Structures are given as C-alpha cells and as structure tokens.
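Report on the structure
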Amino acid sequence: MQRLITIPLILLLLQEAYGIEIELSKKVLKLGEALEVKVKGIEKSGNYICWLNDNPYPLYPLNASTLRTFIGFGAKFKAKTCSLRIEEAKDFILPNYEKSNREKNSIYVKRLADALRTETPVQFWTGGFTWPTRGRISGRFGERRFDQNNAYLGIHQGIDITGKTGTPVFCPNNGRVVLIGRFDLEGKVLVIDHGQGFVSTYFHLSEILVEEGEEVKNDQVIARVGATGRVTAPHLHFGLYIHGTPIDPLYWLPKDTAKNVK
Ligand SMILES: [Zn+2]
C-alpha cells in the first residue's frame, strides 16, 4: 500500500485588515487535510473571499459574527508556503478548479465534475460525519493508482470500503442529492451536497434509493453497495470534497467503523 504524501505547509498571514480576527485550525497540513479559516469582526453586507495565494475561497456565515471557509489540500497542491488574505469582492468568486483531461473531453463527465464543485451558501451538514457503511478499508485516499498495463491513472480521491452487493449505504450527514448518474469508471454514482462547499460521493453502487434534488438526512439509507463501473470486487468508494478539492474522508469520520453504522 502506498503511503500518504506529506506536504509541509506554513501559513503566513501577510495581510490582516484592521479589526479583523483570523483564526486558523492548523498551520501545517498533510495531503487530504482541510484548513478551517474563521474570520471575526467583518461587516457581513458584502461577499468576502479568503485568498490562499492566488486561489479564492468563498467565506460563508458560521454565526452572527463569524465567517468561515474550509480549504482542502489535494494532490495537485504544490506550494509549500502560503499567504492568506481576506478581501471584499463585488461578486461571488469561485475557486480556480483544475480540470482533468477526461472532463475536458466529455460533456458527460463534466456533469460529474460540476456536481463536485457545488457551492450552496447554506450549511446542511452538522457535527461530524458518520460511516456510510461498515466494512474493511481496502483503498486509502492519496494512493497512486495504475491500470492493468501499468499506466498511471492518478491519485485515489476517496476511500474504498468493502461490502457485499446490496449492503446499505447510510447518509453520513445531512444534505441534498445533486447528482445521480452512471459513468464508465465510477459506475452508478450518487453525489450529495452538504452545503457551504462540502460534497460527498458514492461510486460503484448497485442501487440508488433517492432522487436528484431530494433532501437527505444523516443515517438515512440512500443506496446499496455494488460493483458497477471499473472494479474488481464490490465495494463502496466514498469521497469527500471541499470547494471541488478531494479531501481524505478519514479525517472526518469517527475512528471506529463498527460503532457508527447500523
Ligand atoms: Zn475508490
């Protein structure tokens, strides 16, 4: 099994506007982790953007006096040192997404990519995430993946949880279904928007039990494990994205799988 790549990262606050307090959840991040940025003392009449180097992230309300965003550190993140600044923007600005060749060449795959970048200012998710299914983790986030001919496919952008076909998949947090589809590699796919830039994905399903646009609640059975798409055995591929960047779901799930699923 491939080890996770570690990206040492020092965040330097180069610009801190007068009267604004910025709180960071951590200052060094590993691949697949997310940084929580809280901004206190801002007038909330405008759109505020948190810039990390030259990439903008939307700030959403956390409570009456605080705005917040999460910044995911995926495999494509190259900088070792970052600067952060908060700015008022005339319009809502979306992050600069890196587009895959597959997405550029297929309108159909673009549908999936767009779903991963859903931005809803409302926060549907609450508390921590729970395990979508019980099983052994057979694939980890950040592994380098190759096909049968040893051609490099890319970094694994989620975790694989083993399970027999038909095993229930539970909704790990509140949200809304943004996409149901079928794709060559991913098989039957379900994408859930948890709000404020958080999105979760479920690949290789045998059955999907919800509809696009439907509101879903934590612990609700939303789908069943399967072996659709390019797989060697039935399993659930579970992915978590923040502002379109894949992050490691293990950082968001309880340590014990058995305790948290029915
Ligand atoms: Zn997978």
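Residues numbered from 1 in each chain as written. Predicted model: local features only at pLDDT ≥ 70, side-chain atom pairs only at ≥ 80, totals over all residues. Heavy atoms only, no water.

1. Considerations on the pairing of strand β4 (residues 47–52)
For the record, the criterion: Partly exposed describes any residue whose relative accessible area lies between the buried limit of under 20% and the exposed limit of over 50%, with all areas from a 1.4 Å probe on protein chains only and scaled to the type maximum. Helix and strand assignments follow DSSP, with helices taken as H or I runs no shorter than four residues and strands as E runs no shorter than two, numbered in order from the N terminus. Paired strands, as defined in this entry, are two strands with at least two bridges between them according to DSSP.
Counting buried positions along β4 yields 5 of 6 residues, so the element is predominantly enclosed. Pairing analysis gives 6 bridges linking β4 to strand β8 (residues 81–89), with the strands arranged antiparallel. Residue pairing in the sheet places Cys50 in a bridge with Ile86 of β8. Relative to strand β5 (residues 55–58), β4 is paired through 4 bridges, and the arrangement is antiparallel. Along β5, the bridge assignment pairs Ile49 with Pro58.

2. Digging into the environment of Gly135
Within the fold, Gly135 resides in the loop between α2 (107–116) and β9 (137–139). Here Gly135 falls in the partly exposed class, since its relative accessible area comes to 25%. Taking C-alpha positions, Gly135 is 17 Å from Asp248, a pair spaced 113 residues apart along the chain.

3. Topic: the domain arrangement of the chain
For clarity, the cut-off: Segmentation into domains, and thus their bounds, comes from an automatic or database assignment. Contacts: residue pairs with any heavy atoms within 4.5 Å of one another. Summed over both partners, buried area is the accessible surface (1.4 Å probe) that two parts give up on being assembled. A pairing counts as a salt bridge when a side-chain nitrogen of Lys or Arg comes within 4 Å of a carboxyl oxygen of Asp or Glu. Between N or O atoms, a polar contact is any pair within 3.5 Å; within protein, one atom must be a potential hydrogen donor and the other a potential acceptor, and residues adjacent in sequence are included only when both atoms are from side chains. Note on residue classes: Ala, Val, Leu, Ile, Met, Phe, Trp, Tyr, Cys and Pro are nonpolar, Asp, Glu, Lys and Arg are charged, and everything else, Gly too, is polar.
For the chain, the assigned domains read domain 1 (10–89) and domain 2 (101–260). Tallying the contact residues gives 17 residues for domain 1 and 19 residues for domain 2. Both faces considered, domain 1 and domain 2 share a buried interface measuring about 1300 Å² in area, 66% of it formed by carbon and sulfur atoms. The largest share of the area that domain 1 buries against domain 2 comes from Gly32, Tyr60 and Phe70, three residues that together contribute 42% of it. Taken together, the links from domain 1 to domain 2 amount to 0 salt bridges. Here domain 1 and domain 2 share 6 residue pairs in polar contact (both at pLDDT 80 or more) between them. The element that contributes the greatest number of residues to the side of domain 1 that touches domain 2 is strand β7 (residues 66–72), accounting for 5 residues. Across the side of domain 1 that touches domain 2, the residue classes break down as 10 nonpolar, 4 polar and 3 charged.

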